[in-house]
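Observations on the model geometry
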Amino acid sequence: MKKTGRSGMSRPSWDKYFMDITEMVASRSTCLRRKVGAVLVLDNRILATGYNGSPSGLKHCDEVGCVRQERDIESGRDLHLCRGAHAEANLITQCAKFGIRAEGSTLYVNTSPCSLCMKLLVNVGIKKIVYRELYHDQLALEIAEEAGIEMKKFMEED
């Protein structure tokens, strides 16, 4: 719900604000197939961000090509063939690298996590995931439910 202040200017909800930021973060992605951005938030403060792409210092898919695309591998299959790391994994790596505690936080992501990333998110203590688009990985949803992670589909405001 948008809030209007004395000036008459409307402000986005926190969910809209952070979801919009996921799109900016995703714009840094070098993946040729799907651009994903993730923002980790605690008490309405950004802790870390991540996008999908190759490990630091390595060539990116937009430079060397995509094995998965060349082999016409469907989305969600043979993820081990991708040279890039997922946005959520990169976000968690940033937390580890800079000593940021993720426990109890909310993850905003433009595409919901796969089961591999969901296991990492459980282990670092994420409590809620707000996503724009559902990535069709039933196991990821089952893991989230069993771990008690709240999954919320973001709905654009009127």
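It should be noted that the structure appears before, not after, this text.
Figured I'd write up the structure that's included with this text. Every value quoted in this text rests on a predicted model; they were computed, and no experiment measured them. Here, residues in each chain are numbered from 1, in the same order as that chain's written sequence. Per-residue local features are limited, in this predicted model, to residues with pLDDT of at least 70; the limit for side-chain atom pairs, both in listing and counting, is 80 or more; totals at the level of whole chains, interfaces and linings are taken over all residues. As a convention, hydrogens and water are excluded, and side-chain values are obtained from all of the structure's heavy atoms.

**Points about the overall build of the protein chain**
Note on conventions: DSSP H or I runs of at least 4 residues are helices, E runs of at least 2 residues are strands, and numbering of each starts at the N terminus. Along the backbone of the protein chain there are 6 helices and 7 strands. Only C-alpha atoms enter the radius of gyration, while the globule expectation follows 2.2 Å times N to the 0.38, with N the number of residues. On C-alpha atoms alone, the protein chain measures out to a radius of gyration of 16 Å, which is about the 15 Å that the 2.2 N^0.38 rule sets for 158 residues. With the C-alpha coordinates aligned to their principal axes, the bounding extent of the protein chain is approximately 55 × 35 × 30 Å. Only protein chains enter the area calculation, which uses a 1.4 Å probe; residues under 20% of their type maximum are buried, those over 50% are exposed, and those in between are partly exposed. The 158 residues of the protein chain split such that 39% are buried. Long-range pairs, those at least 24 residues apart, make up 54% of the contacts in the protein chain with a sequence separation of at least 6. When checking whether two residues touch, look at their non-hydrogen atoms; a contact exists if any pair is within 4.5 Å.

**Considering the packing of helix α5 (residues 115–124) against helix α6 (residues 138–147)**
Structural elements are reduced to axes, namely lines fitted to C-alpha atoms, with helices fitted over the stretch in contact, and the angle between N-to-C directions of any two is expressed from 0 to 180 degrees. Between α5 and α6, the least distance of the axes is 8 Å, while the angle of their chain directions is 15 degrees. Considering their axes alone, α5 and α6 lie roughly parallel with respect to each other. Pair α5 / α6 crosses with right-handed handedness. Across the interface between the two elements, S115, M118, K119 and V122 from α5 touch L139, A140, I143, A144 and A147 from α6. Looking at the contact of α5 with α6 residue by residue, the classes come out as 7 nonpolar, 1 polar and 1 charged. Roughly parallel refers to an angle under 35 degrees, roughly antiparallel to one over 145, roughly perpendicular to one between 65 and 115, and oblique to any angle outside these ranges. The crossing is said to be left-handed when, going from far helix to near helix, the turn is anticlockwise and less than a right angle, and right-handed when the turn is clockwise. When residues are sorted by character, Ala, Val, Leu, Ile, Met, Phe, Trp, Tyr, Cys and Pro go into the nonpolar class, Asp, Glu, Lys and Arg into the charged class, and all the rest, Gly among them, into the polar class.

**Concerning the environment of C61**
Note that C61 resides in helix α2 (residues 61–64). Setting aside anything within four residues of it in sequence, one finds C61 in contact with T30, L32, S54, C66 and R83.

**Remarks on α6**
Since one α-helical turn is 3.6 residues long, residues separated by three or four positions face the same way. When α6 is considered as a whole, its buried residues turn out to be A140, I143 and A144. On an axial view of α6, the arc spanned by its buried residues comes to 100 degrees, and they lie on one face. Opposite its buried face, α6 presents the exposed residues E145 and E146, each directed more than 90 degrees away. The elements touched by buried residues of α6 are α5 and β7 (150–153). Where α6 terminates, the next one or two residues include G148, which has phi positive at roughly 80 degrees. Note that the arc is computed from the directions linking the helix axis to the C-beta atoms.

**Things to note about unusual backbone geometry**
A positive phi is found at N44, a non-glycine position, where the angle reads about 60 degrees. Looking at the element boundaries, N44 is found in the loop between β3 (37–42) and β4 (45–51). Looking at N44, the relative accessible area reads 30%, which means it is partly exposed. Phi is positive for D72, close to 55 degrees, though the residue is something other than glycine. Within the secondary structure, D72 sits in the loop between α3 (67–70) and α4 (87–98). On the basis of relative accessible area, D72 is assigned to the exposed category, the value being 68%.

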